[in-house]
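# Observations on the three-dimensional arrangement
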Amino acid sequence: MSEELAGSCVSSISGAIRAWSDVVGSGYVLSKRADFADYERATFATANRVLAVVRPRDRGEVQACMRVAQEWRVPVYPVSGGKNWGLGSRVPSKDGCAILDLGRLNRILDFNEELSYMTVQPGVSFAQVSEYLRVRGSQHYLCVTGGPPEGSLIGNALERGDGLGPYGERSLHCCAFEV
């Protein structure tokens, strides 16, 4: 990387970090090299590095974070929670990205037992949904996955994660994504 380009990247990420801190609060922006270990670890060989991690809590903050990224020209790699180990990880697909960690968006917004649907935010995990259905005495259940209980429903569906039974191909049974 040329010195001019490296200097440009540093000033861009520094400006973006300041702006993201204004949006989500400084406690939800990780900017130190030591903070990135979990975000740069994968089940496959990779040397890609993270520039920053931003953890918004709602749709408005996500939108504001994306405006900041666009203004400062910082590439963003979104993750739903980063726990879908096996088929994915939190490591960006290219070097020099900021992670937009959507794990704080972890609410179940709607559930209809009769029509068999649930509306979730991207950070909702399999464990959360399983507990939600159990507490309500639902007739519905989640089939097992090849990933951990902390894995995201949305992340698993988008990565075409493991599933068994007639609804195991989760990507075919999802709709109305807000992107």
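Look up: the structure comes first, before these words.
Cut-offs applied
- Residues numbered from 1 in each chain as written.
- Predicted model: local features only at pLDDT ≥ 70, side-chain atom pairs only at ≥ 80, totals over all residues.
- Heavy atoms only, no water.
- Helix = DSSP H or I, 4+ residues; strand = E, 2+ residues; numbered from the N terminus.
- Buried < 20%, exposed > 50% of the residue type's maximum accessible area, 1.4 Å probe, protein only.
- Contact = heavy atoms within 4.5 Å.
- Areas by Shrake-Rupley, 256 points an atom, 1.4 Å probe, with all protein chains shown as cover.
- Core = buried A, V, L, I, M, F, W, Y, C linked by side-chain atoms within 4.5 Å.
- Pairing = 2+ DSSP bridges.
- Axes fitted to C-alpha atoms, helices over the stretch in contact; angles between N-to-C directions.
- Salt bridge = Lys/Arg side-chain N within 4 Å of Asp/Glu carboxyl O.

### Some points on the overall build of the protein chain
A tally of regular secondary structure across the protein chain gives 4 helices and 6 strands. Reading the secondary structure of the protein chain in the N-to-C direction produces α-β-β-α-β-β-β-β-α-α. Buried residues in the protein chain amount to 37% of all 179 residues. Once local pairs closer than 6 in sequence are excluded, the contacts in the protein chain between residues at least 24 apart make up 53%. Carbon and sulfur atoms provide 53% of the accessible area of the protein chain, an area that totals close to 10,700 Å².

### Here we look at the nonpolar core
Side chains of nonpolar character tend, in soluble globular proteins, to be buried together. In this structure, Trp20 and Val54 are the most contacted members of the largest nonpolar core, which totals 18 residues. When residues of this core are traced back to their parent elements, those giving at least two are helix H1 (3-24), strand E2 (50-54), helix H2 (59-72) and strand E4 (97-101). With residues near it in sequence (within four places) discarded, Val54 still touches Trp20, Val24, Tyr28, Val29, Cys65, Ile99, Leu100 and Asp101. If you look at the next biggest cluster of nonpolar residues, it comprises 9 residues, including Phe111, Val124, Phe126 and Leu133.

### Quick look at the sheet that holds E2
A sheet is described by the order of its strands in space; here 4 strands give the open sequence E1-E2-E4-E3, paired in mixed fashion. Strands with a single pairing partner mark the edges of an open sheet, and in this sheet they are strand E1 (29-30) and strand E3 (76-79). Of the strand pairs in this sheet, E1 and E2 are connected by 2 bridges, and their pairing is antiparallel. Note that in E2 the partner of Leu30 across the bridge is Val53. Along the sheet face, H2 touches E2, E3 and E4 and points at about 175° away from the line of E4.

### Here we look at the side chain of Glu61
Note that Glu61 resides in helix H2. Note on Glu61: relative accessible area 8%, which makes it buried.

### A short note on the pattern of salt bridges
In this structure the tally under the stated criterion is 6 salt bridges. Close ionic contact of Arg57 with Asp58 constitutes a salt bridge, the shortest N to O distance being 3.5 Å. Two residues, Glu131 and Arg134, come together in a salt bridge whose shortest N-O distance is 2.6 Å. With a gap of 3 residues between them, Glu131 and Arg134 both fall in helix H3 (residues 126-135), about one helical turn apart. Residue classification places Arg134 among the exposed positions, given a relative accessible area of 56%.

### Looking at the pairing of E4
Burial analysis of E4 places 5 of its 5 residues in the buried class, which makes it a mostly covered element. Covered by surrounding structure in E4 are Cys97, Ile99 and Asp101 together with Ala98 and Leu100, the residues of both alternating faces. Across 4 bridges, the pairing between E2 and E4 is parallel. Residue pairing for E4: Val54 is matched across the bridge by Leu100. One ladder, built from 4 bridges, connects E3 with E4; its direction is parallel. In the sheet register, Val76 faces E4, and the bridge partner there is Ala98.

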